[in-house]
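Architecture at a glance
Here's the letter readout for the chains.
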Amino acid sequence: MAMVCLTDFEEYAKEHLSKATWDYYAAGADECCTRDDNLLAYKRIRLRPRILRDVSVSDTRTTVQGTEISFPVGIAPTAFHCLAWHEGEMATARATEALNTCYITSTYSTCSVEEIVAAAPNGYRWFQLYVYRDRKLSEQIVHRVEALGYKALVLTVDVPYTGKRRNDIRNQFKLPPHLKVKNFDGVFQQETAGPEEYGIPANTLDPSISWKDVYWLQSITRLPIIIKGILTKEDAELAVEHGVQGIIVSNHGGRQLDGGPASIDALSEIVDTVQGRIEVYLDGGIRTGSDVLKALALGAKCVFIGRPAVWGLAYKGEEGVREVLQILNDEFRLSMALSGCRNVAEINRNLIQFSKL
């Protein structure tokens, strides 16, 4: 069967993954309103194409944090890739390297940061970080990834507590015994008796995390810090004031607070507030090349995909993730050309039809 669009990979993954694994990846919080709105919000946005612009040659390249990537779509941090494919994050890393784009490695990987670097030595990578009650845990992993050549830290700030994902509770979701959160292999062995949440002991995350922890992080690393999980102009302004290098507008795939905005709906006010002082990225709900175009037109420098990468893995490992990225690249190039843009610099807000309410 030909895989034509990202939905084809979704259908394949739903058919072939176990119910508990599918439910884990698909989950949103509570009633899944925000998860679903992440997708629906793109369908409410209309484009204003310009014609007769000579689009015989097009260029999808852009830069993130000063590094050139082949097109403005990277891989968002998602956990437990080995649940979808035996090589897990190593396959994801090789696919992203092959397409010359950015892979944000999750703290909750089922391969270690060292294994990921060994699998794709020339890949461009950022590392997604949580702040733990035991700050030493966070500090050790920061120093590991810095030494390994990861190029930025992505601090996830929307998980003081884990959102209520009903199907995970019903399924009593647990990592199978042969898999573990590899970056913390051996760290928690003394605590295995207690309750576990997504592969590590419950209550490991620190709900007291605040803006002062951004300063703490800056004090232990020279890597750029990108904050993931901002949805308001107020927090965007605070992020700039605290000297971070980027923002990922994100609602965690609708897995945290249900009833918050779709990430694409929160983008404009954040871009308007930041005014080019730092780069603004987005994840959540990207399924087509025209979604990518809409996000860039509204001011995102780059977007990141979460679930579609996992669907690609479930389909055919590294090759599946490559296919997902390639389809998005081809669709984005086509949408650009059909709206009269020859390169990403020509994409701007004039492309967006703001519908009259």
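About the cut-offs
Residues numbered from 1 in each chain as written. Predicted model: local features only at pLDDT ≥ 70, side-chain atom pairs only at ≥ 80, totals over all residues. Heavy atoms only, no water. Axes fitted to C-alpha atoms, helices over the stretch in contact; angles between N-to-C directions. Helix = DSSP H or I, 4+ residues; strand = E, 2+ residues; numbered from the N terminus. Parallel < 35°, antiparallel > 145°, perpendicular 65-115°, else oblique. Contact = heavy atoms within 4.5 Å. Nonpolar A, V, L, I, M, F, W, Y, C, P; charged D, E, K, R; others polar. Disulfide = S-S within 2.5 Å. Buried < 20%, exposed > 50% of the residue type's maximum accessible area, 1.4 Å probe, protein only. Phe/Tyr/Trp six-rings, centres within 6.5 Å; stacked < 30°, edge-to-face > 60°. 1 Å grid on protein atoms, 1.4 Å probe; cavity = no way out; pocket = protein on both sides within 12 Å on 5 of 7 lines; lining within 4 Å. Points joined across faces, edges and corners; volume = space filled by probe spheres on them. UniProt positions renumbered as here; feature names shortened; annotations may be inferred. Right-handed = clockwise from strand over helix to strand, strands pointing away. Pairing = 2+ DSSP bridges. Expected span 1.5 Å × (residues − 1).

Following both chains from N to C, one finds helix H3 (residues 33-43) and helix H10 (residues 263-274) inclined at 70°, their axes separated by 7 Å at the closest point. For the element pair H3 / H10, the angle class is roughly perpendicular. Residue-level contacts link Asp37, Asn38, Ala41 and Tyr42 of H3 to Ser263, Ile264 and Asp265 of H10. Partitioning the contact of H3 with H10 into residue classes produces three nonpolar, two polar and two charged.

Here we come to the state of the cysteines. Disulfides are covalent bonds that link the sulfur atoms of two cysteine residues. Using the criterion set out here, one finds zero disulfides in the structure. Among the cysteines around Cys102, which has no disulfide bond, Cys302 carries the closest sulfur, lying 6.8 Å off. Taking relative accessible area as the criterion, Cys102 reaches 0% and is therefore assigned buried. On the basis of relative accessibility, which here comes to 0%, the residue Cys302 falls in the buried class.

A few words on the packing of aromatic side chains. Applying the stated rule across the entire model yields 16 aromatic pairs. Ring geometry for Tyr24 and Tyr25: centres 5.4 Å apart, planes at 55°, overall tilted. The residues Tyr24 and Tyr25 share a single accessibility class, namely buried. Both rings, one in Trp126 and one in Phe304, keep their centres 5.8 Å apart while their planes meet at 50°; by these two values the pair is tilted. Taken as a pair, Trp126 in strand E6 (residues 124-129) and Phe304 in strand E13 (residues 302-305) lie far apart in primary sequence, 178 residues in all. Overall, the relative accessible area of 0% leaves Trp126 in the buried class. Taking the relative accessible area as the measure of exposure, Phe304 reaches 1% and is therefore buried. Cluster of aromatic residues (ring-pair linked, three or more members): Tyr24, Tyr25, Phe80, Tyr108, Tyr130, Phe173 and Tyr198.

Before going further, it helps to examine the layout of surface pockets. Roughly 770 Å³ of volume is contained in the largest pocket. Around the largest pocket sit 43 residues that line it, and Thr78, His252, Gly253, Arg255 and Arg307 are the ones nearest its centre. Tallied by class, residues from the lining of the largest pocket come to 20 nonpolar, 13 polar and 10 charged.

When the UniProt feature table is mapped onto this chain, "binding site: glyoxylate" (unreviewed entry) is found at Tyr24, Arg165, His252 and Arg255. Across 232 residues of sequence, these annotated residues stay compact in space, with a maximum C-alpha separation of 13.4 Å. Lining residues of the largest pocket drawn from the annotated set just named are Tyr24, Arg165, His252 and Arg255. Along the chain, the position of Arg165 falls in the loop between strand E7 (153-156) and helix H7 (166-171). What Arg165 contacts, discounting residues up to four positions off in sequence, is Ala27, Gly28, Tyr198, His252, Arg255 and Gln256.

Along strand E11 (residues 246-249), one buried face is formed by Gly246 and Ile248 and the opposite face, lined by Ile247 and Val249, is buried too. This β-α-β element, strand E10 (residues 225-230) to helix H9 (residues 233-241) to E11, shows right-handed connectivity. The sheet contact formed by E11 and strand E12 (residues 279-283) spans four bridges and is parallel. Following the sheet pairing, Val249 is matched in E12 by Leu282.

Here H10 is 12 residues long and its end C-alpha atoms lie 16 Å apart, about the 16 Å a rise of 1.5 Å per residue gives. Burial analysis of H10 places nine of its 12 residues in the buried class, which makes it a mostly covered element. For H10, the set of buried residues is Ser263, Ile264, Ala266, Leu267, Ser268, Ile270, Val271, Thr273 and Val274. Residues of H10 that are buried make contact with H3, E10, H9, E11, E12 and helix H11 (289-297). Immediately downstream of H10, the backbone of Gln275 shows phi near 50°, a positive value.

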